[in-house]
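Summary of structural features
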Amino acid sequence: MQEELLHSVVKLTKTRDVDSLESSLLSTIHEFIGCQQVSIYKSTAVKTGLVVECSLGLEVIDQKQYCWKESEIIEKPSSELLSCLNSACIIAIQSHDGVEKRWIPITLSDQPIGAITIVSQALSSADQVLLNAFCCIYENYLTILHENERDKLTGLLNRQTFDKKLKQLIEKQVVKHHKTLKSNKDRLEHKESVSWLAMLDIDHFKQVNDSYGHVCGDEVLLILAQTMERFFSPTDLLFRFGGEEFVLVFEPVTFEEIESLLSDFVALVRRTKFPFVDKLTVSIGVSKVGPYDFPIHVLENADRALYAAKDNGRDQICFFDSLTHCPEQPKGNEDDGVDLF
Ligand SMILES: Nc1nc2c(ncn2[C@@H]2O[C@H](COP(=O)(O)OP(=O)(O)OP(=O)(O)O)[C@@H](O)[C@H]2O)c(=O)[nH]1
């Protein structure tokens, strides 16, 4: 038993990405503790409240077999799950037939970010200790992986993770693409909704650094990143690509929706108060992400669109597919993209 346990810990910590870590954790819990169901929930605070997602689930079919449940947003999380997320405490309830449901909080930098839910026969004390230990190993390792994926200054995803994340999104799209090609109606809908990649760059950022120094520049970058995190949805991928350049990847929406969303964001940045800088603007280049596109090509397209947005006066959005179509924005003078106090 001890040897098997050690092997399971080695297996858990061998993984290099969050997805493999999660599937490893759930199969380990199933193997050593035994359960009918075990799932990982993640929560993100957004403007409208809390978004809860079941990121992975394992459901036992019979004694030897189990199946995986795909990630889904939970419209109405149970009160126990919400209590666990709010209090960061373990919650367990037992029904008359001896089946127990247990919620174990997951914290990252002392903040509850999710929970592990297990449905099983009432757990012995030894099993509870083992389960808590597995959850702790997962939590510690998640912290390391999380730090490796993040930009130190802004906390957004870093450039190194971009290829992997975009590849995952494209793979998801390919699967969806095959599913949706079943009917004409679906085919039409599929045509309308595609994923989008936006490359965002602060206008005349050098002036901020030159006038007030890099510390002030860093503060501006941090505030902009926080504004993005609050404004965009938790399922959108936000990367700091380097310097004052950010890359945003959106789940499938229509052209009108993405255009309106990004226009609202450009307007929000224009209204946002940054330290020292009275008015800051951003330029955005946007490209579609097709199910068979190479990440590098998508990036190049967005980069060309961004270049066009800069060339056209900054403080605006340009779409690669229609470089002549740049939504009208109040055109800033070439020299006054940043108003400094
Ligand atoms: N504070 C700070 N500045 C950075 C960082 N990384 C890059 N920079 C600065 O970002 C500035 C980028 O300047 P440019 O590429 O000339 O672009 P810009 O002034 O924003 O002009 P446009 O993009 O053409 O509107 C340079 O001054 C870099 O030193 C960082 O991490 N922190």
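These figures come from a predicted structure and were not determined experimentally. (Residues numbered from 1 in each chain as written. Predicted model: local features only at pLDDT ≥ 70, side-chain atom pairs only at ≥ 80, totals over all residues. Heavy atoms only, no water.)

Let us look at the domain arrangement of the protein. One frequently used descriptor of interface size is the decrease in accessible area upon assembly of the parts. Partitioning the protein into domains gives domain 1 (2-149) and domain 2 (157-340). Of the residues lining the interface, ten residues belong to domain 1; the matching set on domain 2 comes to eleven residues. Together, the buried faces of domain 1 and domain 2 total about 720 Å²; carbon and sulfur atoms form 46% of this surface. Linking E149 and K165 is a salt bridge whose minimum nitrogen-to-oxygen distance equals 3.6 Å. The interface formed by domain 1 and domain 2 contains three residue pairs in polar contact (both at pLDDT 80 or more). Counting residues per element, the ones that place at least two in the side of domain 1 that touches domain 2 are β1 (37-46) and α4 (125-149). (Domains from an automatic or database assignment. Contact = heavy atoms within 4.5 Å. Buried area = accessible area lost by both parts, 1.4 Å probe. Salt bridge = Lys/Arg side-chain N within 4 Å of Asp/Glu carboxyl O. Polar contact = N/O pair within 3.5 Å; in protein donor to acceptor, adjacent residues only side chain to side chain. Helix = DSSP H or I, 4+ residues; strand = E, 2+ residues; numbered from the N terminus.)

Here we take up the packing of aromatic side chains. This structure, assessed with the given rule, holds twelve aromatic pairs. For the pair F162 and F239, a centre-to-centre distance of 5.3 Å together with 75° between the ring planes defines the contact as edge-to-face. You can see F162 sitting in helix α5 (residues 162-180) and its partner F239 sitting in strand β10 (residues 237-242), a full 77 residues away along the chain. Among the residues examined, F162 registers a relative accessible area of 1% and is labelled buried. Here the aromatic rings of W196 and F319 are separated by 5.8 Å at their centres, their planes lie at 85°, and the arrangement is edge-to-face. Of this pair, W196 sits in strand β9 (residues 194-202) while F319 sits in strand β14 (residues 317-319), and the two are 123 residues apart along the sequence. Note on accessibility: W196 and F319 belong to one class, buried. Taken together, the ring pairs connect F231, F232, F250 and F265 into an aromatic cluster. (Phe/Tyr/Trp six-rings, centres within 6.5 Å; stacked < 30°, edge-to-face > 60°. Buried < 20%, exposed > 50% of the residue type's maximum accessible area, 1.4 Å probe, protein only.)

Of the residues in the protein, 89% reach a pLDDT of 70 or more, and the chain-wide mean stands at 87. Overall fold confidence (pTM) sits at 0.76, and the ipTM for the predicted complex is 0.96. (pLDDT = per-residue confidence, 0-100.)

The set of residues buried in helix α3 (residues 79-87) consists of L81, C84 and L85. On an axial view of α3, the arc spanned by its buried residues comes to 95°, and they lie on one face. Facing away from the buried surface of α3 by more than 90 degrees, the exposed residues are S79 and N86. Contacts from the buried residues of α3 go to β1, β2 (49-60), β5 (91-94), β6 (99-108) and β7 (111-121). (Arc of directions from axis to C-beta.)

What follows deals with the sheet that holds strand β13 (residues 282-289). If you walk across this open sheet you meet the six strands as β8-β10-β11-β9-β13-β14, and the pairing is mixed. Each edge of the open sheet carries a strand with a single partner, namely β8 (157-158) and β14. In this sheet, strand β11 (residues 245-253) lies alongside β9 in antiparallel orientation, the contact comprising seven bridges. When the sheet's bridge partners are listed, L197 is paired in β11 with V249. (Pairing = 2+ DSSP bridges.)

To continue, consider the site of the ligand. What surrounds the ligand is a group of 16 residues, the closest being H204, F205, N209, D218 and R240. With respect to the ligand, the side chain of D218 contributes an N or O atom lying 2.7 Å from a nitrogen atom. Between the ligand and K310 there is a distance of 2.9 Å, counted from an oxygen atom to a side-chain nitrogen or oxygen. Surface burial for the ligand is 67%, taken as the share of its 670 Å² of free accessible area covered by protein chains. For the shell around the ligand, the elements supplying multiple residues, two or more each, are β9, α7 (205-212) and α8 (214-231). Broken down by element, the residue count for the shell around the ligand peaks at four residues, all from α8. Its residues placed into classes, the shell around the ligand shows three nonpolar, five polar and eight charged. (Near = heavy atom within 4 Å. Areas by Shrake-Rupley, 256 points an atom, 1.4 Å probe, with all protein chains shown as cover. Nonpolar A, V, L, I, M, F, W, Y, C, P; charged D, E, K, R; others polar.)

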